[in-house]
Amino acid sequence: MIDLRSDTVTKPTQKMRKAIFEATVGDDVYGEDPTINKLEELAADMLGKENALFVTSGTQGNQLAVLANCSPGDEIVVESESHIFFYEGAAISALAGVQPRVVSGQNGEMKPLDVRNAIRSQDIHFPDTSLICLENTHNRSGGSIVSFDNMKAIYDIAQTASIPVHIDGARLFNAVVASHKKAADYTQYCDSVQICLSKGLGSPVGSILAGNKQMIQKARKWRKRLGGGLRQAGILGASGIISLTEMVDRLQEDHVKALRLADAIENMEGISLVNKPETNIVIVNIEKTHKSNEEFLEELKKKGVLAVSFGEGLIRFTTHYDVDSNDIEQAIDIISKVV
Ligand SMILES: *Cc1c(COP(=O)(O)O)cnc(C)c1O
């Protein structure tokens, strides 16, 4: 089966399994796991932030950022198709007691003026705006890269208003590699950032939340409250270190595979490309096949390809470490047969 549902399906590499087997560990709730401490220092350094925290998932990292920055009754600015708004079960409301102020974006970018207008003024009727969230790369826009200009303009507005900015950077390293920049070039325009170790970077479990010392201290306490304080977590951290030191540059291969898939799909009669992929996500419109998403996905599956439904008439394919270029050629063949 060629599994293009998500880059989360990657299995740990042999090297990761060996590092996991040999990891030096301690009780991380006491701050005594050397492998986790090493991972957190490395991550903070790469992301240009004072401190970092290993967390169980991207969702937990994002939610800790909200919990650490906001109080119940606050409002946070989120993009209308963002993961935090779209895919986290309204956790911002269920856990942090905040409501979303939704701003629509284009290719994942909110207009800076719209963000400025969304920030609440002081008025007894209004909630306080206490966080602005960006997403880079932007999942529902097909892994598009949010530009430095856009990030800087929003960050300037946020700073003027004394409101922190959080980046949901589940796939930030895809943007880093595709644009030949450093992670810190992006994260200079935020106060906190979450990155996933378990997507294109190949680890079995985990994300990183990075930010200033005070914010990470609060997030650490919230992580414990949520039951996310882990003990010999170095078992997982050992793999995370390999993700950050050896799996970043290879994301480029995933982008090449996504482009190849997109080019082939562009030439197929009956389906069309929604986006020219900038990173590892390809979104395809299948409306002209007159098949439902479920039918289309079922036929793909019968022939050996897995993908996911991404809204009315839309299918998402995601490339990753565990599909090679031969698999992509085979997938192209199967997709064209189904079409
Ligand atoms: C996958 C993803 C997350 C959440 O990660 P989980 O580890 O699945 O909780 C958050 N944001 C974006 C943009 C994602 O793609």
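What you see is a predicted model, and the numbers here were worked out from it, not measured in a lab. (Residues numbered from 1 in each chain as written. Predicted model: local features only at pLDDT ≥ 70, side-chain atom pairs only at ≥ 80, totals over all residues. Heavy atoms only, no water.)

**Some details on the overall build of the protein**
Helix and strand counts for the protein stand at 14 helices and 15 strands. Rg of the C-alpha trace for the protein: 20 Å, near the compact-globule value of 20 Å for 339 residues, within the 12% margin. Considering only C-alpha atoms, the protein reaches an extent of 55 × 55 × 35 Å along its principal axes. When burial is assessed residue by residue, the protein has 55% of its 339 residues classed as buried. Of the contacts made within the protein by residues no fewer than 6 positions apart, 73% connect residues no fewer than 24 positions apart. A total accessible area of about 14900 Å² is found for the protein, and carbon and sulfur atoms account for 48% of it. Side chains of the protein give 36 positive and 45 negative charges; the mean places of these two sets differ by 3 Å. (Helix = DSSP H or I, 4+ residues; strand = E, 2+ residues; numbered from the N terminus. Rg over C-alpha atoms; globule rule 2.2 N^0.38 Å. Buried < 20%, exposed > 50% of the residue type's maximum accessible area, 1.4 Å probe, protein only. Contact = heavy atoms within 4.5 Å. Areas by Shrake-Rupley, 256 points an atom, 1.4 Å probe, with all protein chains shown as cover. Lys, Arg positive; Asp, Glu negative; His and termini not counted. Charge placed at Lys NZ, Arg CZ, Asp CG, Glu CD.)

**With respect to the UniProt feature "domain: Aromatic amino acid beta-eliminating lyase/threonine aldolase" (unreviewed entry) in the protein**
Listed under "domain: Aromatic amino acid beta-eliminating lyase/threonine aldolase" (unreviewed entry) in the UniProt record, and renumbered for this structure, are residues 3-287. What you have in residues 3-287 is 41% helix and 17% strand, and the ends, taken at the C-alpha atoms, are 22 Å apart. (UniProt positions renumbered as here; feature names shortened; annotations may be inferred.)

**With respect to the packing of aromatic side chains**
The description of an aromatic ring pair rests on the distance of the ring centres and on the angle between the ring planes. Under the definition given, this model contains four aromatic pairs. Between the aromatic rings of Tyr155 and Tyr189, the centroid separation amounts to 6.5 Å while the plane-to-plane angle is 65 degrees, which identifies the pairing as edge-to-face. Of this pair, Tyr155 sits in helix H7 (residues 148-160) while Tyr189 sits in the loop between helix H9 (183-187) and strand S9 (192-196), placing them 34 residues apart in sequence. Accessibility expressed as a relative area gives 10% for Tyr155, which makes it buried. The buried category is assigned to Tyr189, whose relative accessible area is 13%. An aromatic cluster of three or more residues is present, and its members are Phe148, Tyr155, Tyr186 and Tyr189. Positioned above the aromatic ring of Phe126, the side-chain terminus of Arg120 is 5.0 Å from the ring centre. (Phe/Tyr/Trp six-rings, centres within 6.5 Å; stacked < 30°, edge-to-face > 60°. Lys NZ or Arg CZ within 6 Å of the ring centre and 35° of its normal.)

**A short note on the domain arrangement of the protein**
Split by domain assignment, the protein resolves into domain 1 (10-246) and domain 2 (250-338). Each of domain 1 and domain 2 was reduced to a C-alpha centroid, and the two centroids are 28 Å apart. In this assembly, 21 residues from domain 1 lie in contact with 15 residues from domain 2. Here domain 1 and domain 2 share an interface that buries about 1500 Å² over both sides, 55% of which is from carbon and sulfur atoms. On the domain 1 side of the interface with domain 2, the three residues burying the most area are Thr10, Gly142 and Asn174, jointly 28% of the side's total. Across the domain 1-domain 2 interface, the total number found is zero salt bridges. Here the element with the most residues in the side of domain 1 that touches domain 2 is helix H8 (residues 172-178); it accounts for five residues. Among the residues making up the side of domain 1 that touches domain 2, the classes are represented as seven nonpolar, 10 polar and four charged. (Domains from an automatic or database assignment. Buried area = accessible area lost by both parts, 1.4 Å probe. Salt bridge = Lys/Arg side-chain N within 4 Å of Asp/Glu carboxyl O. Nonpolar A, V, L, I, M, F, W, Y, C, P; charged D, E, K, R; others polar.)

**Thoughts on unusual backbone geometry**
Outside of glycine, negative phi angles account for most residues, and trans bonds account for most peptide bonds. Residue Thr137 is bonded to the preceding Asn136 through a cis peptide linkage, with omega at 0 degrees. Tracing the backbone shows Thr137 in the loop between strand S7 (129-135) and H7. Phi at Ala90 is positive, roughly 55 degrees, even though this residue is not glycine. With respect to the secondary-structure elements, Ala90 resides in the loop between helix H4 (83-86) and helix H5 (91-94). With a relative accessible area of 43%, Ala90 lands in the partly exposed category. Here the phi dihedral of His290 falls at roughly 55 degrees; this positive angle occurs in a residue that is not glycine. Inspection of the secondary structure assignment puts His290 in the loop between strand S12 (281-285) and helix H13 (293-303). Residue class for His290 comes out exposed when judged on its relative accessible area of 72%.

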